[in-house]
Amino acid sequence: AQSVAQPEDQVNVAEGNPLTVKCTYSVSGNPYLFWYVQYPNRGLQFLLKYITGDNLVKGSYGFEAEFNKSQTSFHLKKPSALVSDSALYFCAVRDFSGGYQKVTFGTGTKLQVIP
Amino acid sequence: DTGVSQNPRHKITKRGQNVTFRCDPISEHNRLYWYRQTLGQGPEFLTYFQNEAQLEKSRLLSDRFSAERPKGSFSTLEIQRTEQGDSAMYLCASSSPWERTDTQYFGPGTRLTVL
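It should be emphasised that the depicted structure is a prediction, and the values quoted were computed from it without experimental measurement.

### Some remarks on the nonpolar core
In terms of nonpolar packing, the biggest core is built from 27 residues, with Trp-35, Leu-47, Leu-48, Phe-74, Leu-76 and Tyr-89 of chain A touching the most fellow members. Sorting the residues of this core by element identifies strand E2 (10-14), strand E3 (19-21), strand E5 (32-38), strand E6 (44-50), strand E8 (64-68), strand E9 (73-78), strand E10 (87-95) and strand E12 (109-114) of chain A as the ones contributing at least two each. At four residues, E10 of chain A tops the list of elements feeding residues into this core. Counting 19 residues, the second-largest nonpolar core is a separate cluster that includes Cys-23, Leu-61, Phe-65 and Val-114 of chain B.

### Quick word on the pairing of strand E11 (residues 110-114) of chain B
Two faces belong to every sheet, and in a regular strand the side chains alternate between them. Residues and elements named next belong to chain B. Residues Thr-110, Leu-112 and Val-114 line the buried face of E11, whereas the alternating positions Arg-111 and Thr-113 sit on a face that is not buried. The pairing of strand E2 (residues 10-13) with E11 spans four bridges and is parallel. Bridge pairing links His-10 to Arg-111 in E11. Pairing between strand E9 (residues 88-95) and E11: three bridges, direction antiparallel. Looking across to E11, one finds that Met-89 is bridged to Arg-111.

### A word on the pairing of strand E5 (residues 44-50) of chain B
Residue and element names in this part refer to chain B. Among the seven residues of E5, five are classified as buried, and the element is accordingly described as predominantly covered. As consecutive antiparallel partners, strand E4 (residues 31-37) and E5 are separated by six residues, and within that stretch Gly-40 has a phi angle of approximately 80°, a positive value. Summarising the sheet, E5 and strand E6 (residues 53-57) pair through four bridges and their orientation is antiparallel. Its bridge partner lying in E6, Thr-47 is registered against Lys-57. As consecutive antiparallel partners, E5 and E6 are separated by two residues, and within that stretch Asn-51 has a phi angle of approximately 55°, a positive value.

### Re the side chain of Thr-13 of chain B
Checked against the element boundaries, Thr-13 of chain B lands in strand E2. Discounting chain neighbours no more than four positions away, the residues touching Thr-13 of chain B are Val-19, Thr-82, Leu-112, Thr-113, Val-114 and Leu-115 of chain B.

### Some words on the pattern of salt bridges
Scanning all chains against the criterion turns up six salt bridges over all chains. Residue Glu-66 of chain A pairs with Lys-77 of chain A through a salt bridge whose shortest N-O separation is 3.0 Å. Taken together, the positions of Glu-66 of chain A in strand E8 and Lys-77 of chain A in strand E9 put the pair eleven residues apart, joining distant regions of the chain. Accessibility expressed as a relative area gives 36% for Glu-66 of chain A, which makes it partly exposed. One salt bridge connects Arg-64 of chain B with Glu-83 of chain B, and the closest N-O pair in it is separated by 3.4 Å. Taken as a pair, Arg-64 of chain B in the loop between E6 and strand E7 (65-68) and Glu-83 of chain B in the loop between strand E8 (75-79) and E9 lie far apart in primary sequence, 19 residues in all. Residue Arg-64 of chain B is classed as buried on the basis of its relative accessible area, which comes to 10%. For Glu-83 of chain B, a relative accessible area of 41% translates into the label partly exposed.

### Quick look at the state of the cysteines
By the definition in use, this model includes two disulfides over all chains. The disulfide that involves Cys-23 of chain A links it to Cys-91 of chain A, with 2.0 Å between the sulfurs. Between Cys-23 of chain A and Cys-91 of chain A, the S-S torsion sits near -65°, and that sign places the bridge as left-handed. Of this pair, Cys-23 of chain A sits in the loop between E3 and strand E4 (24-26) while Cys-91 of chain A sits in strand E10, and the two are 68 residues apart along the sequence. Owing to a relative accessible area of 0%, Cys-91 of chain A belongs among the buried residues under this scheme. Between the sulfur atoms of Cys-23 of chain B and its disulfide mate Cys-92 of chain B the distance is 1.8 Å. Handedness of the Cys-23 of chain B-Cys-92 of chain B disulfide follows from its S-S torsion of about -70°: it is left-handed. Here Cys-23 of chain B is found in strand E3 (residues 19-24), whereas its partner Cys-92 of chain B is found in strand E9, with 69 residues between them in sequence. The burial state of Cys-23 of chain B is the same as that of Cys-92 of chain B; both residues are buried.

Analysis parameters
- Residues numbered from 1 in each chain as written.
- Chains lettered and ligands numbered in written order.
- Predicted model: local features only at pLDDT ≥ 70, side-chain atom pairs only at ≥ 80, totals over all residues.
- Heavy atoms only, no water.
- Core = buried A, V, L, I, M, F, W, Y, C linked by side-chain atoms within 4.5 Å.
- Buried < 20%, exposed > 50% of the residue type's maximum accessible area, 1.4 Å probe, protein only.
- Helix = DSSP H or I, 4+ residues; strand = E, 2+ residues; numbered from the N terminus.
- Pairing = 2+ DSSP bridges.
- Contact = heavy atoms within 4.5 Å.
- Salt bridge = Lys/Arg side-chain N within 4 Å of Asp/Glu carboxyl O.
- Disulfide = S-S within 2.5 Å.

Dropping the structure here:
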């Protein structure tokens, strides 16, 4: 069964500092990996995805993510955090091995950017 | 492209009542998904439609839950005889048939509170 793990419930970072939100995955086939952001009382907004190719994926709002196959990780990064980046971040994985293209979400990481 | 819309945004009901939620996907998207999200958790898959066909249902979807997409456009999710444990955010997402990765785009959600 496919799964993702977000080992940190919360990440605190000072405004202007680089940020990393961690995600590891487990799938039986080749993964499609996603990051979504959720602001309070809102739905999820798509940030970026990894399909194949370059291990560094660039997405919306200056975010990027690094795919590492050997470590089965897909960490979200941003060079300089903004207060407005404070939100809940979800990693998700999709594989096609089960026929139906199921997406499984992690439990989320709350990012707090401190002014 | 007006995005995925969901109505109502909030619903408060008494235990035992029936509730129905509506989701309008992005217009050209033929795939539609329902998720449930409880506090501190990531979205959990409930069901999936391709056009009007319901192709997958989670074991989370008990017999009190039913979803329809009669004309392959909007979808409804009905919960009969609501229980306090049904209190959650219900999220709808849609994806395009033309995109290989089936990236899902989410609506704002319907927050259900069962008293």
